Amino acid sequence: MRGPVRTLRVAAAAAGLAVLVGATAAHGAADPRKVVRDVFPAAETGFDPAAVSDLYSAGVIRAIFETLLTYDYLARPAKLVPQVAAAMPQATDDGRTWTVKVRPGIHFAADPAFGGRKRELTAADVVYSFKRLADPKLRSPWSFLVEGKFVGLDEETAAAKKSGRFDYDRKVAGLEAVDRYTVRFRMKDPDYNLPYVMAHEAAAVVAREVVEKYAESDGRVMSNPVGTGPYRLGQWVRSAKIVLEANADYRGFTWDFAPQQPGDDRLVARMKGKSMPQVGRVEISVMEEDQARWLAFQGGELDLMNMEGPLAPNAIGADGRIAPALAAKGVRLDRFVEPEIRFIYWNMRDPDTGGLAQEKVALRRALAMSYDAAEEVRVVLNGQAVEAAYPIPPGVVGHDPAWKSAIRYDPAGANALLDRFGYKRGPDGWRTWPDGRPLVITYASRPDTQNRQLEELVKKGYDAIGVRMAPQKDRFPELLKQEKQCRLPSREAAWVADYPDGDNFMQLFYGPNSYQSNFACVTIPEYDALYKRTVRMPPGPERDRLYREMVRILEAYAPHRMTVSRYRNQLIQPRVEGYRKHPTLPSQWQYIDVGANPN
Amino acid sequence: MWAYVIRRLWQMIPTIVGVVLLVFVLFNLFGGDPAYVLAGKISNPEQIDNIRRQLGVDQPYYVQLGIFFKQILTADFGASWSTNEPVSHILATRLGPSLTVLVPLLVLETLIAIGLALAVAYVRGSLTDRMVMIVCTVGLSVSILVYIIVFQYVFAYQLGWFPVQGWGNDFRENLVRYASLPILILLVVSIAPNLRLYRTFVLDEINQDYVRTARAKGLSENRIMWVHVLRNASIPMITHVMAALPGLLIGAFLVERFFSIPGIGREVILAVERSDFPVIKALTVYVAIATMVANLAADPHVQGRRPAGAAQMSALFDPHPGCAGRPQRGGRR
Amino acid sequence: MNDATMKPPLAARREIPHVVSPGLWTLAWRRLVSDSVAMVSLAIVVAFVLLMAASGLGVIAADWAREVGVNYAPPTFVGPDAAPAAPGAPGRAGEPAAPAGPTPGSAFDSTVVDPIGDVLAELKAEAKGKAEAPPAPGGFVDPLADVMKEIDAAKAAPPEGKSVDPLADVMKDIEAGRGAKEPAAAPAATERRATLPFGADKWGRDVIAKTIKGSETSIFVGLAAALVATFIGTVLGAVAGYYGRWVDDTLNWFYSIFSSIPYLLLILAVAAVLQHKGTMTIVFILGLTGWTGVFRLIRAEYLKHKGREYVQAADAIGASNARRMFRHIFPNVSHVVLVQMSILVVAFIKSEVILSYLGFGVPVDVVSWGSMLNEAQNELLLGKWWQLAAAGGTMAVLVTAFSLFTDALRDALDPKLKGTTGQ
């Protein structure tokens, strides 16, 4: 985590202005009349950083809580900067020990848990927040971020499983508050990804008093978030409407980010020097249906909207630019490729498609070659994606933009390969296994419209090479269960970056991660040997070289077919200033400004 | 009559037990395993076991079933597995929006259907009668999905008569502003079957002896229709409406989703998607009980009406049978 | 809808001995024929059934899945799109379209992103070098290497590398064999039409053919599910009503359970239990959850009929229970069954749409009105209204005809209502 460190200039004076404890009056800069209206396409679950895993709740958590580090708003490639940390963490001992200072004078919002006053954030809060991720009672979906990493923490987890209670008071060698403002992390192995964990919503700093006051039966605090961030939870109608109000105890900051991309200059010119946050009130509605979101945005009921594939042609032309009609109204488009990959896999432990035997490899490759990813981009996703070649997507450390995949859409080649390996065509045109059984490959998917279209595309590809496709439809929990038991034959899986580092993607194909995150249960000894070397390396050309070799191995054995990475198309109404969607941050209301309210 | 009510209530118990057993079998044995979703993106079998233990789904089935019964008896279903929101709170907060749509819907529907029913029964057999019935049937024949898509696009977006979607805190605002279009859509699909049913109620009354007597006494036809016939025919109509309410609570999920109304139906879909058993179980049991109570309330014995009509009435007011309930609910879904 | 239940009160019935009128059906038919709305409706329904049969036999719309038009080809009367809709040119021969390059305003600019250091330039340079001459994969053995060599047609190496691409050799082999016909390839762009009589769907399939095929599926689902539900309801209702006592109690208990559980949850649960195999799954989901109404009415009918003289007479001549139930009583309640069934057909055709919305629709190689409407859900906003109109309109016509016919049938079969409507 070297690299230039941008220090956010703290508007210290402003922080002292708003001291009306408990009042809804916002921080000096935030104007309660400045309202921004955003939309979630799925219901939130709750606001306990350690306990929620959905993107939308994470967005709200980002606005209420803060993390040690965060990402620079405009810097691309994404760049870590301190948030509650005073400076970037220092690594010693080959990346085994990390020390980070907490900036003094950061306060949790006033709350009855603190006797109605605000309370300063200290190193002990950071340690407490990390420990919560390992508490088995909480069953945190983010426990993998800490599990097996910190010296002594796994033992605490094991003890808590036995006793039923996690002992937060016991010292853990790997997670230590050295003094009031200093935290020291000790890792079992060199770990250069720790700074990303420090910037993850799951590790947002919570206060122990708040947890102990409001904890629900399982130790989670889903409905009483109290943080140090710019907003606090106002009105909340579950799975319908979330209102965030400016946190009167927030210290504020001055908008000062350097332009990076085309179009940033204008944005910086308008925003630079403003006291943030400007927006005093964020109103988020939950709308599940594409039609409702789009009509509401067009009708001016929303200021921001992420335009997804199905309706994208309404707003975005073939050239990737905003439609003229919208441009005339002043609506802007912020468009980039999501840090995600999608891939169709064939279970490597499946008795039919799995294994490393030559004829199985040939079958998987033929199946991979039968899939027309360009058609997926063009027809299924309405052009709102790019074909993916490399398993590390754009925007993530380790991505190789020049990569040419060995696996391409080539039904004729696939047919030749199958012919070669004795998958003979019967009189009806369908192929059989070498032993004469009909060749049927099951493809599983979730029951919704877009997945149905993908299924149609997979079937078209299989049809063209004489392979029968058997559909399997299940709801997501069931698919996930079978997948994590290595029982699901094949499906299109997706992986969105938890943090923008290649390791987050390459671990998907590491043999020992089967039953965890290795969907296809890929086990290729050559790959695993290389992967083990990469995890102990800092990012850099040497690691990238190994990654490329590993990707070639994957392509040779073809446990999967890379398909696409989707575009994110953020539509912005003209009254919103300073909006630039960050690929990793789930929300950015604190960085924007809005003009007068339309109503 | 009270003895009868108590007997009927007593008879509900085996039904509730059956409902509980069926729900338990369908969801615990065949429903998705929530642990894998709750475990997050990267999880190992140990974490899955831990979650299953925390949720209690690793217990033997008889223990889980016992807990389920205990939950029903104490009316405490715990909290949602994915959001930790207490189930009682879910019910309390989602019921309001649902009823804001459904109660006005049922009132309007009943008024319109009764009015039309009396009118067409009055001119029964005429061209008007047939045309009204045909128009209503055509209205019913378009899928509710098409209505929602087209009405939201045309009336809310293009013409701007209604907001596209939304829900506020103010009851009046919700009712007048946000619920209008959903109610209109539901009216279109539900008037036809009810009109048909109510028309037969009216015709049934017209053939009663008292009407002939009234006619013989020289009462005006208007008075007969609007006073005598309406008074008698409205009882089965109102009970029919009441009995339909519980089913609609969940049946209206489609409009709730498209118009972002935070009601019960949307919650059910969400709970099923998340394999959120506590919510599913509570909603099923409560709606089942509500259905049974509504059926009981619709029972003419309970209302102390003339026994002669009882046999036919109880068969008529069943909210579920194909005669009216099922297709109607099908239409609303 | 209530013919079965609108019988005169018990006391009145005693005096009018129930006659098993052999003329019931004849009379009903006569009444139907005299009803013009009923006959028009019947004609429409028959036309649909014929359509379904023709489509089922593969006479028409057999190749509905062929992509004959460009994507979203508009109806002929609308005229072709002036500029092909975004994105990408419609229709293509089979070569993969070039992946969309970085577009103006895109945040990433074909660079490797590294928040940690500035290895960026370094990597870029390396990546560039890689594209030109990728290093041989070190340390792993291509499982197909031998075969690749064997089938190597000794062509020029593909541009992106010599030994790296594990499929390079097969590609060469294939290049050599190209020119021969490709099996089952999509029609080339030139064959795809810019307009179709009623437009094309997303993939370029003819909406008319799709609607015909969809009608077949939806009508089949409606009829078959109604048959299943009516069968279950009739048999259980007959048994409960005929035997009474504990049999009745048990079945009634069963009935009240099924009718108390919210219909939507019941459907979702049954769908989860049945898994998802195909069109028949939908039939069973609907059939297994939709029988309660029939049960209730049939049970009531059997309760009424079992005390009648003709049943007692059958008893006297020693007819078995089953014979009495189904040979003697059933013909007298069959009109109820028929009307219930036709009501269910309509209800199930509509339910199929909702099942599709919930994701429990027909499998991917089958098309139904429900799958079309759900596909078309977003198309209206894109201005591609034709699939929505075709599926929604066709369905409305059939459902209207079927409902009107059902109404007429009910009136025709019900001697009491007949009297009132005829006044």
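(A) The arrangement of the nonpolar core in detail. Grouped together as the largest cluster of nonpolar side chains are 202 residues, with contacts concentrated most on A:Trp294 and B:Val202. The leading source of residues in this core is helix H9 (residues 180-206) of chain B, at 15 residues. Domain assignment of the residues forming this core places at least three in each of domain 1 (2-74) and domain 2 (95-314) of chain B. Membership of the second largest hydrophobic core comes to 139 residues, among which are A:Ile61, A:Phe65, A:Val221 and A:Val396.

(B) Region of the structure containing the pattern of salt bridges. Applying the stated criterion across every chain yields a total of 67 salt bridges over all chains. A salt bridge links A:Arg548 to A:Asp400; the shortest N-O distance between them is 3.6 Å. In this pair, A:Arg548 is assigned in helix H17 (residues 541-557) and A:Asp400 in the loop between strand S18 (385-387) and helix H12 (411-420), connecting sequence segments 148 residues apart. On the accessibility criterion, A:Asp400 (3% relative accessible area) is buried. The salt bridge involving C:Glu67 is made with A:Lys460; its shortest N-O contact spans 2.7 Å. Here A:Lys460 lies in helix H13 (residues 449-464) and C:Glu67 lies in the loop between helix H3 (36-56) and helix H4 (120-132), a pairing that spans two chains. Look at C:Glu67 and you get buried, because its relative accessible area is 7%. Connected through salt bridges with shared partners, the residues A:Glu456, C:Asp201, C:Arg205, C:Lys210 and C:Glu375 form a single ionic network.

(C) Representation of helix H14 (residues 476-484) of chain A within the structure. Along H14(A), seven of the nine residues are buried, which leaves the element largely enclosed by surrounding structure. For H14(A), the set of buried residues is A:Pro477, A:Glu478, A:Leu479, A:Leu480, A:Gln482, A:Glu483 and A:Lys484. Those residues of H14(A) hidden inside the fold are in contact with strand S17 (340-346), strand S19 (440-445), strand S20 (468-473) and strand S21 (490-496) of chain A together with helix H2 (34-38) and helix H13 (264-273) of chain B. Count one or two residues on from H14(A) and you reach A:Cys486, which has phi positive near 55 degrees.

(D) Fine view of the interface of chain B and chain A. Listed as interface residues are 47 residues of chain B and, on the opposing side, 48 residues of chain A. Regarding the contact of chain B and chain A, the summed buried area is about 4200 Å², with carbon and sulfur atoms giving 49% of it. Per-residue buried area on chain B facing chain A is highest for B:Tyr36, B:Lys41 and B:Ile42; these three make up 18% of the total on that side. Note that B:Glu85 is salt-bridged to A:Arg238, the shortest N-O span being 3.3 Å. Remark: the boundary between chain B and chain A carries 25 residue pairs in polar contact (both at pLDDT 80 or more).

(E) Spatial organisation of the domain arrangement of chain A. All names here are of chain A. Each assigned domain of chain A is listed with its residue range as follows: domain 1 (3-23 + 51-227) and domain 2 (340-566). The centre of domain 1, based on its C-alpha atoms, is set 36 Å off from the matching centre of domain 2. Across the contact, twelve residues belong to domain 1 and eleven residues belong to domain 2. For the pair domain 1 and domain 2, the summed buried surface comes to about 910 Å²; carbon and sulfur atoms form 60% of the total. It is Tyr192, Asn193 and Tyr196 that lose the most area in domain 1 upon contact with domain 2, and together they represent 48% of the buried surface on that side. Here domain 1 and domain 2 share one salt bridge between them. Notably, a salt bridge pairs Asp189 with Arg536, separated by 3.6 Å at the nearest N-O pair. Applying the counting rule to domain 1 against domain 2 returns zero residue pairs in polar contact (both at pLDDT 80 or more). Partitioned by chemical class, the residues of the side of domain 1 that touches domain 2 number eight nonpolar, two polar and two charged.

(F) Just the sheet that holds strand S1 (residues 31-40) of chain A, in detail. Residues and elements named next belong to chain A. With mixed pairing, four strands are arranged side by side in an open sheet as S1-S14-S11-S10. Sheet topology places S1 and strand S10 (231-237) at the edges, where each strand pairs with a single neighbour. If you compare each strand with its neighbour and ignore which way they point, the axes differ by 20 degrees on average. When S1 meets strand S14 (residues 279-286), the two strands line up parallel, connected through seven bridges. Residue pairing in the sheet places Asp31 in a bridge with Val279 of S14.

(G) Examining the sheet that holds strand S5 (residues 97-101) of chain A more closely. Residue and element names in this part refer to chain A. Taken in spatial order, the four strands of this open sheet run S4-S5-S9-S8, and their pairing is antiparallel. The open sheet has two edge strands, strand S4 (90-92) and strand S8 (175-179), and neither has a second partner. Sheet twist, expressed as the average angle between the axes of neighbouring strands with direction ignored, equals 25 degrees. Pairing analysis gives five bridges linking S5 to strand S9 (residues 182-186), with the strands arranged antiparallel. By the bridge assignment, Lys101 is partnered in S9 with Thr182. Lying over the sheet, helix H3 (residues 123-134) contacts S8 and S9, oriented at roughly 175 degrees with respect to S8.

(H) Looking closely at the environment of B:Trp167. Residue and element names in this part refer to chain B. If you trace the backbone, Trp167 turns up in the loop between helix H7 (144-158) and helix H8 (171-178). The class for Trp167 is buried, based on a relative accessible area of 12%. Separated by 59 residues in sequence, Trp167 and Leu108 have C-alpha atoms that sit 21 Å apart.

(I) Structural detail: the state of the cysteines. Residue and element names in this part refer to chain A. With the rule as written, the count across this model stands at one disulfide over all chains. In this model, Cys486 is linked to Cys521 through a disulfide, with the two sulfur atoms separated by 2.0 Å. Across the S-S bond linking Cys486 and Cys521, the dihedral sits near -100 degrees, which makes this disulfide left-handed. Note that Cys486 is positioned in the loop between H14 and S21 and Cys521 in the loop between helix H15 (503-506) and helix H16 (525-535), a separation of 35 residues in sequence. Across the pair, Cys521 and Cys486 agree in class, each one buried.

Conventions adopted
- The residue numbers shown here count from 1 along each chain, following its written sequence.
- In the order they appear in the text, chains get letters beginning with A and ligands get numbers beginning with 1.
- Reporting of local features is limited, given that this is a predicted model, to residues whose pLDDT is at least 70; pairs of side-chain atoms are given and counted only at 80 or more, and all residues count toward the totals for whole chains, interfaces and linings.
- Side-chain measures were taken over the full set of non-hydrogen atoms in the model, leaving aside hydrogen atoms and water.
- Take the buried residues of types Ala, Val, Leu, Ile, Met, Phe, Trp, Tyr and Cys, join any two whose side-chain atoms come within 4.5 Å, and each joined set is a nonpolar core.
- Partly exposed residues are those whose accessible area sits between 20% and 50% of the maximum for their type, while under 20% is buried and over 50% is exposed, using a 1.4 Å probe and protein chains only.
- Under the DSSP-based scheme used, a helix requires at least four consecutive residues in state H or I and a strand at least two consecutive residues in state E, with every element numbered from the N terminus.
- Start and end positions for the domains come from either an automated domain assignment or a database one.
- The term salt bridge refers to a pairing of a side-chain nitrogen on Lys or Arg with a carboxyl oxygen on Asp or Glu at a separation within 4 Å.
- The contact definition used throughout considers only heavy atoms, calling two residues in contact when any of these lie within 4.5 Å.
- In short, buried area is how much 1.4 Å probe accessible area vanishes from two parts on joining, totalled over both.
- Definition of a polar contact: a pair of N or O atoms within 3.5 Å, with one able to donate and the other able to accept a hydrogen when the atoms are protein atoms, and with sequence-neighbouring residues admitted only if both atoms are side-chain atoms.
- Under this grouping Gly is polar, as are all residues other than the nonpolar Ala, Val, Leu, Ile, Met, Phe, Trp, Tyr, Cys and Pro and the charged Asp, Glu, Lys and Arg.
- In this description, strands pair whenever DSSP reports at least two bridges between them.
- Helix axes use the C-alpha atoms of the stretch in contact, all axes being lines fitted to C-alpha atoms, and the angles between their N-to-C directions lie in the range 0 to 180 degrees.
- Disulfides are defined as pairs of cysteine sulfur atoms found within 2.5 Å of each other.

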